[in-house]
Amino acid sequence: MPLPTDEKLLALSNDFIKQFDTIFGEHPGFRPAHAKGILLAGTFTPAPGAEALTKAPHIAHESTPVTVRFSNSTGIPLIPDTDPNANPRGLAIRFNLAEHVHTDIISHSTDGFPTHTGQEFLELLRALAASDPANLAGSPLEAFLGSHPAALAFVQAPKPAPASFATESYFGVTAMQFINKDGVKKFGRYRIIPEAGNQHLDDATTKAKSANYLFEEIAKRIGKEPVKFKIVVQVANDGDVADDATIHWPEDRKLVEFGTVSLTAVVADNDHEQQRIIFDPIPRVDGIEPSADPLLELRAAVYLISGRRRRSAPAQ
Ligand code: HEM
């Protein structure tokens, strides 16, 4: 995928990477956000009926190999899994359609995002960097949250630690436009639901866990049985706002089954492969188009610039 040529977008993208470096420190070879992760491999099987939503190749094919990365939040590669800042957790899914042909879903474990635009998100990060979380009164962060209700709602949303990466639900947050073979277009948002059910830990139980409990647990679990998730799409009604990640659609919107991901192995040479793989928020596949959400184009540029920097760092 080539870098966009829009100078403003590139400048904003670079500002983000600098800002993450300022907050979390520079860790060459690691992601500036969602630094601690693990790559797993498996297959995707489409749900019967998903072709009514999209003509995408992974829905038309009987099964598609997937590469999946679970991650903790923050750009701190050794962040303990028990740290509250490790929430929300990340789940990125790559559908390997053919050699060098793929499409991705990037999701996290909180349903929503703090801001509508990238510029506002950068302001939030800058306010965060300039504030002491233990003493918010009169701080830039307090001022930002006071004037941005969606950011306040996101910060205040409960984010309990999961018992396992396999017992957490993940949300695509930004809407995509799904197109079927008859040309019918619908906006939708991915939800990725664990077959093992949602299971979270209370704070005291989380604190008593080891610093790598999630990573140790998922490796052990996958050695015994496949780790499965159902992907569903929450479909918008005509007129629902589809270009703003801070706006939730009502819960009565239709949920269409998209398919099942079944993970069966930890990817060999994990550190090297994590350093190499760059997930892309824009689907770039027939049958799934990006919405006009301004976060999408920006994130695609940020992740690519960041990923190229990571690849050029010494091997991890
Ligand atoms: C303007 C908004 C955003 C910015 C600037 C941003 C920034 C970043 C950056 C710099 C990375 C590291 C990319 C890399 O080096 O490969 C990253 C990764 C990630 N972000 Fe975001 N992000 C944004 C929005 C979101 C949203 C809305 C979600 C949830 C759907 C999300 C979930 C993730 C996940 C799961 C990863 C890890 C991907 C992987 O495993 O490689 N981000 N983000």
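Model, not experiment: these values are computed from the prediction.

Reading the values: the criteria
- Residues numbered from 1 in each chain as written.
- Predicted model: local features only at pLDDT ≥ 70, side-chain atom pairs only at ≥ 80, totals over all residues.
- Helix = DSSP H or I, 4+ residues; strand = E, 2+ residues; numbered from the N terminus.
- Rg over C-alpha atoms; globule rule 2.2 N^0.38 Å.
- Buried ≥ 20, exposed ≤ 12 C-beta atoms within 10 Å, placed from the backbone.
- Contact = placed C-beta atoms within 7 Å.
- Near = placed C-beta within 6 Å.
- Pairing = 2+ DSSP bridges.
- Axes fitted to C-alpha atoms, helices over the stretch in contact; angles between N-to-C directions.
- Nonpolar A, V, L, I, M, F, W, Y, C, P; charged D, E, K, R; others polar.
- UniProt positions renumbered as here; feature names shortened; annotations may be inferred.
- Parallel < 35°, antiparallel > 145°, perpendicular 65-115°, else oblique.
- Left-handed = near helix turned anticlockwise from the far one by under 90°.
- Expected span 1.5 Å × (residues − 1).
- pLDDT = per-residue confidence, 0-100.

Before going further, it helps to spend a moment on the overall build of the protein. Scanning the protein for helices and strands turns up nine helices and ten strands. Against the compact-globule benchmark of 20 Å for 316 residues, the protein has a radius of gyration of 19 Å, which places it among compact chains. C-alpha atoms of the protein, sized along the principal axes, occupy 55 × 45 × 40 Å. The buried share of the protein, taken over its 316 residues, is 40%. Of all intrachain contacts in the protein linking residues separated by at least 6 positions in sequence, the fraction that spans at least 24 positions is 74%.

So, about the site of the ligand. Around the ligand sit 31 residues, and of these Ala33, His34, Arg69, Gly90 and Ser306 come closest. Going through the elements one at a time, α1 (7-24), β2 (64-71), β3 (90-98), β4 (101-108), α3 (118-129) and α9 (294-311) are the ones with two or more residues in the shell around the ligand. Ranked by residue count, the leading element in the shell around the ligand is α9, at eight residues.

Moving on, we get to the pairing of strand β9 (residues 255-266). Sheet topology places strand β1 (residues 37-46) next to β9; seven bridges connect them, and they run antiparallel. Along β9, the bridge assignment pairs alanine 41 with alanine 265. Judged from the eight bridges that link them, strand β8 (residues 227-235) and β9 form a sheet pairing that is antiparallel. If you follow phenylalanine 229 over to β9, its bridge partner there is valine 261.

Next up on the list: the environment of glycine 183. Within the secondary structure, glycine 183 is located in the loop between β6 (176-179) and β7 (185-194). In this structure the C-alpha to C-alpha distance between glycine 183 and alanine 196, which are 13 residues apart in sequence, comes to 36 Å.

Where α3 contacts helix α4 (residues 140-147), the axes come no closer than 7 Å and their chain directions differ by 145°. Residues Glu123, Leu124, Ala127 and Leu128 of α3 touch α4, and the partners they reach there are Pro140, Leu141 and Phe144. Class assignment for the residues of the contact of α3 with α4 results in six nonpolar, no polar and one charged.

It is worth spelling out the environment of lysine 254 at this point. Tracing the backbone through its elements, the reader meets lysine 254 in the loop between β8 and β9. Separated by 17 residues in the primary sequence, lysine 254 and asparagine 237 have C-alpha atoms spaced 8.5 Å apart.

Those residues carrying the UniProt feature "domain: Catalase core" (unreviewed entry) are residues 1-316 in this numbering. Annotated as 29% helix and 24% strand, the span residues 1-316 places its first and last C-alpha atoms 24 Å apart.

Here the focus is the packing of α1 against α9. Two elements in contact, α1 and α9, have axes separated by 9 Å at closest approach and are oriented at 60°. When the axis of α1 is compared with that of α9, the two are oblique. Between α1 and α9 the crossing geometry is right-handed. For the pair α1 and α9, the contacting residues are Leu9, Leu10, Leu12, Ser13, Asn14, Phe16 and Ile17 in the first and Glu297, Leu298, Ala301, Val302, Ile305 and Ser306 in the second. Here the residues of the contact of α1 with α9 sort into nine nonpolar, three polar and one charged.

This part takes up α3. Given a rise of 1.5 Å per residue, twelve residues ought to cover 16 Å, and the 16 Å separating the end C-alpha atoms of α3 matches this to within 8%. Against the buried residues of α3 lie α1, α4, α5 (149-156) and α9.

This next bit is on the UniProt feature "binding site: heme" (unreviewed entry) in the protein. Here, UniProt's "binding site: heme" (unreviewed entry) annotation points to Tyr303. The residue tyrosine 303 is located in helix α9 in this model. Setting aside residues no more than four positions away along its own chain, tyrosine 303 makes contact with Ile278, Phe279, Asp280 and Pro281.

Right, let's get into unusual backbone geometry. Note the cis peptide between asparagine 87 and proline 88, where omega equals -5°. Inspection of the secondary structure assignment puts proline 88 in the loop between β2 and β3. In this model, threonine 74 sits at a positive phi of 80°, which is unusual for a non-glycine residue. Topologically, threonine 74 is positioned in the loop between β2 and β3. For threonine 74, a count of 20 C-beta atoms within 10 Å translates into the label buried.

With that settled, the discussion passes to the confidence of the model for the protein. Taken as a whole, the protein shows an average pLDDT of 97; of its residues, 100% reach a score of 70 or greater. Interface predicted TM-score (ipTM) for the complex: 0.97; the corresponding pTM is 0.98.

Turning our attention to the pairing of β3. Here six bridges tie β2 to β3, and the two strands are oriented antiparallel to one another. Note on β3: the bridge partner recorded for threonine 67 is arginine 94. By the bridge criterion, eight bridges tie β3 to β4 in an arrangement that is antiparallel. Across the sheet, residue alanine 92 finds its bridge partner in β4, namely isoleucine 106. As consecutive antiparallel partners, β3 and β4 are separated by two residues, and within that stretch histidine 100 has a phi angle of approximately 60°, a positive value.

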